[in-house]
Amino acid sequence: MSEFLLPDEPKAQVYLDANATTPVLPCIAEVVCHAMQICFGNPSSPHITGIQAKHLLEQTRQKARTVIGAQQGDILFTSGATEGIQTAIVSTLINAKHHTKPNPVLLYGATEHKAVPNTLKHWNTVLEINADIIAIPVNRDGILDLDFIAQHIDDALMICTMAVNNETGVYQDLSAIEKVIRSRNSQVTWMVDCVQALGKQQLNLSETTIDYAPFSGHKLYAPKGIGLLYIRQGSPYTPFIAGGGQESGMRSGTENLPGIAGLNKLFSLLLDKQDETFKSIDVLNLYRDKLHSALVDTFGSITFNHDFACSVPTTLNFAVNDLTSKEVIDLFDAAGIRVSGGSACSTGATQSFVLDAMGASQWQSENAIRLSFGPAATMAQIDDACEQIRALKTVLQANCLVISDSSFPLQEVCALGLTQFRHQGACSWLYVTDDQHAFIIDPIIELIPRFEKIVTTQNLTITAILNTHEHQERHCALDLMRSALKEYLVAGEFDKLGWPTNSDKLQLITHVLEKLATPGHSQDSVSYLLKANNGDVQYCFCGDLILPAGLGNTALDGGDAMKMAHSLTILAAELNPQSVVCSGHDYQQCFAMNWAVQQQQTPLLQKLIKGDIDDAEFAAQKQQADLQQHTQANTLCGYVNAKPAVETSQLSFNQAKEILVEGNAYLIDTREPYEHGANNLSALLNVPIAKTLNIPLSRMAHALTQGQLDKNNQYILVCRSGNRSKIAAANLTELGYSSVYNLSGGLALTG
């Protein structure tokens, strides 16, 4: 087998991300291979092989006309929808170079695929059209505002809408849009993105005044790299690719005949009324109902982000009300279920611009999950998907992610010791004792439902809910957290940061929690020290006084660099080199940092603690640095040094298996417990369970203090993609573990 080929998965995946791409159907792959090996000619060649290729090309074009209802106009083969969009927009704007409109505009739907507005902006600038580019708003159902179109269409050079949305499946009433457009402006060009409509809606483009309609093959079981563009007869056209004059001079470059052959077979399937590959709308609706029920049964509290009544049935967009999209996707992925967060094409986006345009809440937008299946899905595939989704409920219950409806839930005790919770760089900490008493430090509003589930499911007694200071960058969560957990919270009086009044310490079974005033980042800053019975500080919860590889910002209200110097000196007298520093923010993704490494990575701190500078010199340097950083960055709580890159050894799957045979080699799964519990990692790498550790990043600080790791051992770290494990490997390397390796590519590339 070629090194570039992945083996079949031990268990077939449940693929529910069809709006991103689809597998090529076997019968389509067969004709694609035939076109590569047998009917491989160049359609421009004059000999028989070329004539055969030309026949295949033109036959496909004719089938395309029938499928999309376009007996007039041009059908142009492209590399995909993005090229079609470029071609349509460039053709329109070049034709509009000499327009006479005093206030020209380019209109596009606010929920369009990003390829549309980004292309409009690019060519509007390059071609110096200088039109205003305006997004057409949508209502809460994602339907375009027709009144808004009517108000602006007179000035429009082009209007771009879509038939079916790629994130939500919401479809537009094209007839209603056309009526508004053409009643006021018969000349404006109109492009409709039809990518997600093919195979899901009936199309009759010749009966409309749509000027351009791009399509993409890989969204409907054909290969990537092939698509087509419908161009209405008489609409402006300028070749986007010039050269040898292929496609009757409209699109140069040798045609992608294997891809076109794939479209040929696809169109044959769509046109064959006796073929049952593509399912009827009634069957697709049944599939959606089944998946809807499975999701609700599994997650319980769930919000669907679109109205099914105005959406194609192949897309379900939802948010699990108390779980982040990352948690849901990681859980699904670990169980072999493939879904996406929003659009696969909006890389790097933290929120869904589609849901933002629809007026969804920030939580819905940030944590949207898109589950999509293709119209050729079988009942067996959907039933298997539902079964696999429902199988996750026990994993969710065992990890306190959902509350069990059973009188005797089969649950393990969640997160004894210390666990870190994160939201956008901010850190919240939960410490649970063996007798199920707990305290929470620096609660975050967005994480309250998560804490509520853990506490309720495990019947914890909450000794205290504490802030290290009044956080200036976010709303205080103390009162909301107390209200949510009031039945589990120890009664008593407390100060504004949550510390019990008239108490100088909180006694736990084997530890004691003490409060220490440490102003500097703010006037009210305190640190909480969790000490073992021998007096050693295991954890220092210092808020934003200290950040991994940095120090808190003093250029804020209440900030004082001189007081920070004094506070750091006091802390240094309390801490030992192995004390774990637990900050209020972690911008560097360190997750676990002890006092010794913290000093090494923070030069100014190290100088102060070693006595190389006094408090006054520290304060002068800190004030200067904070003022300079304050003008350059918007990081409110503190500034960190750019850490030197830590080189981590990368292993292939086979290299990892060889090392794991050695007696002192262990496998560390850095995924969260709910991911770890969703598949059998030990069996996959043929490692004894006793040598397989589950230490997620959120529990790395706990692992350091509990003797779970030995610097004499070898550790191979793994996660889903290799990213989290690489962070953890770098973290452990910084902490002095020399024989640490990362499984390159993670579980995604194992085999």
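Please refer to the structure higher up on the page.
Each chain carries its own residue numbering, running from 1 in the written order of its sequence. Side-chain atom pairs in this predicted model are given and counted only at pLDDT of 80 or more, local residue features only at pLDDT of at least 70, and totals for whole chains, interfaces and linings cover all residues. Based on all heavy atoms of the structure, the side-chain values leave hydrogens and waters out of the count.

Novice: Which parts of the structure should I look at to understand the sheet that holds strand 10 (residues 315-320)?
Specialist: Through backbone hydrogen bonds, the strands of a sheet pair up, either in parallel or in antiparallel fashion. For two strands to be treated as a pair, DSSP must find no fewer than two bridges joining them. Under the scheme used here, helices are H or I runs from DSSP no shorter than 4 residues and strands are E runs no shorter than 2 residues, and both carry numbers assigned from the N terminus. Taken together, three strands build an open sheet; the order of strands is 9-10-12 and the sheet is antiparallel. If you trace the sheet from one side to the other, it starts and ends with strand 9 (302-304) and strand 12 (369-372), each paired once. Strand-to-strand twist in this sheet, taken as the mean axis angle between neighbours without regard to direction, amounts to 35°. Summarising the sheet, strand 9 and strand 10 pair through three bridges and their orientation is antiparallel. Across the sheet, the residue bridging to I302 is V320, located in strand 10. We call two residues in contact when some of their heavy atoms are within 4.5 Å. Helix axes use the C-alpha atoms of the stretch in contact, all axes being lines fitted to C-alpha atoms, and the angles between their N-to-C directions lie in the range 0 to 180 degrees. Helix 8 (residues 281-299) contacts strand 9, strand 10 and strand 12 of the sheet and is inclined by roughly 10° relative to strand 10.

Novice: Looking at this model, I keep getting lost on the pattern of salt bridges. Mind explaining?
Specialist: One side chain can pair with another of opposite charge once the charged atoms of both are near each other. Within this document, salt bridges are pairs made up of a side-chain nitrogen of Lys or Arg and a carboxyl oxygen of Asp or Glu, the two lying within 4 Å of each other. Applying the stated criterion across every chain yields a total of 26 salt bridges. Close ionic contact of D333 with R338 constitutes a salt bridge, the shortest N to O distance being 2.8 Å. The burial state of D333 is the same as that of R338; both residues are buried. Between K531 and E574 there is a salt bridge; the shortest N-O distance is 3.2 Å. Within this pair, whereas K531 is found in strand 19 (residues 526-532), its partner E574 is found in helix 16 (residues 561-574), the two being separated by 43 residues in sequence. For K531, a relative accessible area of 11% puts it in the buried group. Several salt bridges converge on common partners, so that one network encompasses K326, D330, D333, R338, E675, R720 and R724. Buried, partly exposed and exposed residues are distinguished by accessible area as a fraction of the type maximum, computed with a 1.4 Å probe on protein chains only: under 20%, between the cut-offs, and over 50%, respectively.

Novice: Would you take a moment to explain the state of the cysteines for this structure?
Specialist: What we call a disulfide is simply a covalent bond connecting the sulfur atoms of a pair of cysteines. Pairs of cysteine sulfur atoms within 2.5 Å are identified as disulfides in what follows. Counting across every chain of the model gives zero disulfides. C194 takes part in no disulfide bond, and the closest cysteine sulfur to it belongs to C160, at a distance of 12 Å. Residue C194 is classed as buried on the basis of its relative accessible area of 0%. C542 supplies the cysteine sulfur nearest to C540, a cysteine that is in no disulfide, at a spacing of 4.7 Å. Of the residues examined, C540 reaches a relative accessible area of 0% and is grouped as buried.

Novice: Sorry, what's going on with helix 2 (residues 48-68) here?
Specialist: One turn of the α-helix equals 3.6 residues, which is why residues spaced by three or four share an orientation. Expected span of a helix, by definition, is 1.5 Å for each gap between consecutive residues, and there is one gap fewer than residues. Over its 21 residues, helix 2 extends 30 Å from the first C-alpha to the last, a length consistent with the 30 Å expected when each residue adds 1.5 Å. Where helix 2 is concerned, the buried positions are G50, A53, L56, L57, T60, R61, K63, A64, R65, V67 and I68. On its buried face, helix 2 is in contact with strand 2 (74-78), strand 7 (212-216), strand 8 (227-231) and helix 7 (257-271).

Novice: Even after reading the chapter, I still don't get helix 12 (residues 379-390), so can you show me in this structure?
Specialist: In this model, helix 12 (12 residues) spans 16 Å end to end at C-alpha, consistent with the 16 Å of a helix rising 1.5 Å per residue. Looking at helix 12, one finds that the buried residues are I382, A385, C386, Q388 and I389. Projection of helix 12 onto a plane perpendicular to its axis shows the buried side chains occupying an angular sector of 165°, all on one side. Residues of helix 12 that are exposed and angled more than 90 degrees away from the buried face: A380 and E387. Here the arc refers to the set of directions running from the helix axis out to each C-beta atom.

Novice: Looking at this structure, how should I read the sheet that holds strand 14 (residues 426-432)?
Specialist: Pairing is mixed in the open sheet, where four strands are placed in the order 13-14-15-16. Strands at the two margins of the open sheet, each flanked by one partner only, are strand 13 (417-423) and strand 16 (461-466). Direction aside, neighbouring strands of the sheet carry axes that sit 20° apart on average. Both strand 14 and strand 15 (residues 437-441) contribute to a ladder of four bridges, which runs antiparallel. Along strand 15, the bridge assignment pairs Y431 with F439.

Novice: Help me understand the packing of aromatic side chains, please; the structure alone is not making it clear to me.
Specialist: In this description, a pair of aromatic rings is defined by centroid distance and the angle of the planes. Any two of the Phe, Tyr and Trp rings considered here, Trp counted by its six-membered ring, make a pair once their centres fall within 6.5 Å; the pair's planes then place it as stacked at under 30 degrees, edge-to-face at over 60, or tilted in between. Scanning the model with the defined rule gives 14 aromatic pairs in all. A centroid spacing of 6.1 Å and a plane angle of 85° characterise the contact between W123 and F240, whose relative ring orientation is edge-to-face. You can see W123 sitting in helix 4 (residues 115-126) and its partner F240 sitting in the loop between strand 8 and helix 7, a full 117 residues away along the chain. For the ring pair F304 and F318, a centre distance of 6.0 Å and an interplane angle of 50° mean the geometry is tilted. Of this pair, F304 sits in strand 9 while F318 sits in strand 10, and the two are 14 residues apart along the sequence.

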